[in-house]
Structures are given as structure tokens and as C-alpha cells.
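Analysis of the macromolecular model
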Amino acid sequence: MNPMVEFCVSNLANGAQETFEILENDPNIDVLEYGCLSYCTKCDNAFYALVNGEIVEATTPEELTKNIYQFIEENPLW
């Protein structure tokens, strides 16, 4: 089972698209895009994604990518 990373379409439009594309090309990660994840205050203030149901955020897309990979490494599914 692969880690699941979920993105809000609004956050993607704000700049997280770069992270989305990197993760989408990783065969060991499942990536989904939703119209809204109901974290609007986070969406307005930072780049974020839900990783296995947990919020991972950052101030830049590059940092978000790094933080997601770090979260996955520190929180294995099994």
C-alpha cells in the first residue's frame, strides 16, 4: 500500500502544482486532487497537503515536497 497524498485544487492553483507533479511521477505515492479539503484557512496562508490524513505544510512548494517525503519516511504505513 502506497502513502496517500491529497491536494486541494485551490492550493494547487496557488503554487502547490509543482509539488503535485513531482509526487504524481513517483510510483510509490498515490496522489489525489480534490475541489476542496475544507482547510481554507491553511489554504490561504501556506502550501499544504494531506498525507495519510495528516496535514503537512510549508511556505514554498520546494519545502512542501521535502516535508512530504520527510513525513512519509518518519511515519511508515506499516
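Report follows, based on the coordinates. This is a predicted model, so every value here is computed, not measured.

What follows covers the pairing of strand β1 (residues 4-8). Two faces, one strand: in a regular strand the side chains alternate between the faces of the sheet. Summarising burial for β1: 4 of the 5 residues are buried, a large majority. The pairing of β1 with strand β2 (residues 30-34) spans 5 bridges and is classified as parallel. By the bridge assignment for β2, cysteine 8 is matched with tyrosine 34. For the handedness criterion, the β-α-β arrangement of β1, helix α1 (residues 9-24) and β2 is classed as right-handed.

As a further point, take the sheet that holds strand β4 (residues 54-58). Overall, mixed pairing links the 4 strands, which are arranged β2-β1-β3-β4 in an open sheet. Both outer strands of the open sheet, β2 and β4, are each paired with one neighbouring strand and no more. Strand-to-strand, the axes of this sheet are offset by a mean angle of 30 degrees, without reference to chain direction. As judged from the 2 bridges shared by β1 and strand β3 (residues 47-51), these two strands associate in the antiparallel manner.

Turning to its location among the elements, aspartate 26 is positioned in the loop between α1 and β2. Although aspartate 26 is buried, it makes no salt bridge; lysine 66 carries the closest opposite charge, 16 Å away. At 2.7 Å, the side chain of aspartate 26 forms a polar contact with the side chain of tyrosine 69.

On to the environment of glutamate 63, then. Within the element layout of this structure, glutamate 63 appears in helix α3 (residues 61-74). Judged by relative accessible area, which is 31%, glutamate 63 ranks as partly exposed. When the C-alpha atoms of glutamate 63 and asparagine 11 are compared, they prove to be 14 Å apart, with 52 residues separating the residues in sequence.

What follows concerns a nonpolar patch on the surface. A surface patch of nonpolar side chains, about 470 Å² in accessible area, is lined by Met1, Leu77 and Trp78. As for its position among the elements, leucine 77 is in the segment after α3.

Working note: a packed helix pair is described by the angle between its axes plus the distance between those axes. Interhelical geometry of α1 versus α3 gives an angle of 40 degrees and a closest axis separation of 8 Å. By the criterion of interaxial angle, the relationship of α1 to α3 is oblique. Crossing of α1 over α3 shows right-handed handedness. Between α1 and α3, the residues in contact are Gly15, Ala16, Glu18, Thr19, Ile22 and Leu23 and Pro61, Glu62, Leu64, Thr65, Ile68 and Tyr69, respectively. Tallied by class, the residues present in the contact of α1 with α3 amount to 7 nonpolar, 3 polar and 2 charged.

Criteria and thresholds
- Residues numbered from 1 in each chain as written.
- Predicted model: local features only at pLDDT ≥ 70, side-chain atom pairs only at ≥ 80, totals over all residues.
- Heavy atoms only, no water.
- Buried < 20%, exposed > 50% of the residue type's maximum accessible area, 1.4 Å probe, protein only.
- Helix = DSSP H or I, 4+ residues; strand = E, 2+ residues; numbered from the N terminus.
- Pairing = 2+ DSSP bridges.
- Right-handed = clockwise from strand over helix to strand, strands pointing away.
- Axes fitted to C-alpha atoms, helices over the stretch in contact; angles between N-to-C directions.
- Lys, Arg positive; Asp, Glu negative; His and termini not counted.
- Salt bridge = Lys/Arg side-chain N within 4 Å of Asp/Glu carboxyl O.
- Polar contact = N/O pair within 3.5 Å; in protein donor to acceptor, adjacent residues only side chain to side chain.
- Patch = residues over 30% accessible without salt bridge, like charges linked within 9 Å, V, L, I, M, F, W, Y side chains within 5 Å.
- Areas by Shrake-Rupley, 256 points an atom, 1.4 Å probe, with all protein chains shown as cover.
- Parallel < 35°, antiparallel > 145°, perpendicular 65-115°, else oblique.
- Left-handed = near helix turned anticlockwise from the far one by under 90°.
- Contact = heavy atoms within 4.5 Å.
- Nonpolar A, V, L, I, M, F, W, Y, C, P; charged D, E, K, R; others polar.

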